[in-house]
There are 2 protein chains.
Amino acid sequence: MLERFKVPIKEQVRVSEKSLRRTVTAFFGKMGESSEDAAIASDTLVTSDLRGVESHGVSNMLSHYRNGYENKKIKPRPNWRIVRETPGTANIDADNGLVVFLGRHAMQIAIDKAKKVGVGSVTVFNSEHSGAIGHHAMGAAQQDMIGMVMTSASARVVPTFASKALLGTNPIAVAAPARNEAPFLYDAATCSVAMNKIWIARRLGSMLGPGWICDNQGVPIEESILTPESDDEFLLLPLGGTREQGSHKGSGLAMIVDIMGPLLAGSLPDMLSNVDNVDRKQSHHFTAYNIEAFTELDTFKNNMDRMLQMIRETKPVSGEERVLYPGLIEYEEEQERRANGIPFHEEVMTWFEGLAEELSIPGLDTCEENIKSS
Amino acid sequence: MLERFKVPIKEQVRVSEKSLRRTVTAFFGKMGESSEDAAIASDTLVTSDLRGVESHGVSNMLSHYRNGYENKKIKPRPNWRIVRETPGTANIDADNGLVVFLGRHAMQIAIDKAKKVGVGSVTVFNSEHSGAIGHHAMGAAQQDMIGMVMTSASARVVPTFASKALLGTNPIAVAAPARNEAPFLYDAATCSVAMNKIWIARRLGSMLGPGWICDNQGVPIEESILTPESDDEFLLLPLGGTREQGSHKGSGLAMIVDIMGPLLAGSLPDMLSNVDNVDRKQSHHFTAYNIEAFTELDTFKNNMDRMLQMIRETKPVSGEERVLYPGLIEYEEEQERRANGIPFHEEVMTWFEGLAEELSIPGLDTCEENIKSS
């Protein structure tokens, strides 16, 4: 994560993983989910916070989900079901359920199919938010498979040369296991920067980069600072930023996600739901590739270790500290936060206190040594 | 394609598709391929030229392949075989064969598996160049499937923050059928710009964009013009160009291709072959998703048409002519070139004349009306 998104240390309080899991599980229980699914949903969110991906953690997502449950957009205990199936594929109607936990089930169906026929591919439609899709992809990696997940989101991204938003931030995640190295975990929006990260930058008053956003006519906005008071009339640019820098590639990747998610599921991408004036739901794609169906698992993991180590140990370009691969820094963060707790902004702690009181759920325990600078 | 890569009209001669197919098929026959595979290889290359993708067409690739056959890097009539197989997957040892035609076979195996179990996924290792992988992906789209192809190439791309090239240009292609709209066909390197396009820019003396290349220490080179005399000491930057603009995403996508291709096939990505001092071969990944395994084909195609039409008809941002989706402009070019012939630079025509004479194969027939300005 870029430094500009880091919460300043003096405003942090540390909360233990165990305490956060308990509170968030209780939250989803209160929203009406089964205890099993509430724990899975909690795992998805808390893992994001452990990995330093605050954009998809509890502070950014819980109140959003709460609104969804309250205005009946999100259906608790959804009656999700497979509507079409073959030995290697399934299409799931999510019945307006939250993919924060349904993603676990969808990926497990893909994994079970991949155990039998080598590869399993599952689409999910008529659903709500997924949380960090990398977490669902990791479910496959933890079972010695390569996991690939895509999510089609609401239209906030302007295709190359267009004057309006047609595409979602449409992230793609791929996870693959290694032996001793931290697993490979790519999870990135196909736009220049995820909307959740813009929200955080706006909350913190951080500077935006060039090629990240444009005005509501598609004209790029140069470096600028958004504040909580800034209007919402900005849109996102595809990965690449400009055509010269390859934005047509980011734009095309976002369209691929709309094809692999909603269209393959027989549903509609947001740009069409929008004009049809039908409920704007999300669709997702989960594929698990069984490594042993292709080669020896040992060979694969050994080569993964060698590749990841080589990337990690490559001499950095002048002025930079180290070379990273996707998932490495998040893995390191996870070790640190499991040991020392998850840092939250004091405003978030206050919000949690209110939530716990209101819903009669356990509040957050701070770690013994909160890290506060004087 | 950017204007800077266009061959100036006054130096063009037009060759008929039929004539080009005949000459290129004869070329591969002379190189020792079977008549069936020679025709497939010719189809892969000529289709690139028809679609205006000169970077992967005959003028850029034939002499490269000829060198490969002559120095025994490429084996004609390879004894390719499936070394591991499940109902949904296969891993193919290509026996040093050219994936320009083996790609057709690999994708067909994936398609046949997808007909049976809904999805088919095939890796290929120990192989040579693929030609434009979008062409192989289209093989699936023409059979009412979504095709996905990835190719792991030799290390020319510097990962974010690194000081040396570890990654290939590692393209990803996805093709999906529509009903009346031109099919969706994404085929793009995961670097800012494909190496083949840099070669063309160098041949034409065109200006390079910022964030495209860096020096051999990983330091970005700003806008510049390469000439045929420029040294080869430049490397490519990942899609995004800089970390701020998302190069870690392009970098990660290239690593995904190394995982889905060589590593999943039990082989090595170029960065490891290189240090092991083993033969540097290419690996590839082909997946076919049977649309009918997920939803009604009619529904899918109707929705594809609606989405692609909406993108195509969106008002462009001020200063631009139109909004494109991947494959649209290439489809239009294909119609025009099928009718009017494929334009070649006069130098290419001269090179072909020499080749035809030397190999005793039919030369190229120019179209009756060559387009030459006075």
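The rules behind these values
Residues take numbers from 1 onward in each chain, read along the sequence in its written order. Here the convention is simple: chains get letters from A, ligands get numbers from 1, in the order in which they are written. The predicted nature of this model means local features are confined to residues of pLDDT at least 70 and side-chain atom pairs, given and counted, to a pLDDT of 80 or more, with totals for whole chains, interfaces and linings taken over all residues. Helix numbers and strand numbers start at the N terminus; a helix is a DSSP run of H or I with at least 4 residues, a strand a run of E with at least 2. The split into domains, and so the bounds of each, comes from an automatic or database assignment of domains. Contacts are defined on C-beta atoms placed from the backbone: any two residues whose C-beta positions lie within 7 Å are in contact. Only Asp, Glu, Lys and Arg are considered charged, only Ala, Val, Leu, Ile, Met, Phe, Trp, Tyr, Cys and Pro nonpolar, and every remaining residue, Gly among them, polar.

Residues and elements named next belong to chain A. Residues other than glycine seldom take positive phi values, yet lysine 72 does so here, at roughly 65°. Mapped onto the elements, lysine 72 comes out in the loop between α3 (58-70) and β2 (81-86). Positioned with a positive phi, asparagine 170 is a non-glycine residue whose angle comes to about 30°. Mapped onto the fold, asparagine 170 is located in the loop between β5 (145-152) and β6 (172-176).

This paragraph deals with the domain arrangement of chain A. All names here are of chain A. Each domain of chain A was delimited in the assignment, giving domain 1 (12-77 + 341-374) and domain 2 (79-192 + 237-311). For domain 1 and domain 2, the distance between their C-alpha centroids amounts to 25 Å. Domain 1 puts 15 residues into the contact, and the matching count from domain 2 is 11 residues. Looking at the side of domain 1 that touches domain 2, the elements with two or more residues in it are α2 (35-50) and α3. Looking at which element gives the most residues to the side of domain 1 that touches domain 2, the answer is α2, with 7 residues. Counted by class, the side of domain 1 that touches domain 2 contains 7 nonpolar, 5 polar and 3 charged residues.

This part covers the interface of chain B and chain A. Taken together, the 73 residues of chain B in the interface contact 73 residues of chain A. Secondary structure elements with two or more residues in the side of chain B that touches chain A: β3 (89-93), β4 (119-127), β6 (172-176), β7 (184-188), α7 (247-263), α8 (270-276) and α9 (297-313) of chain B. Of all the elements, α9 of chain B adds the most residues to the side of chain B that touches chain A, at 8 residues. Here the residues of the side of chain B that touches chain A sort into 40 nonpolar, 24 polar and 9 charged.

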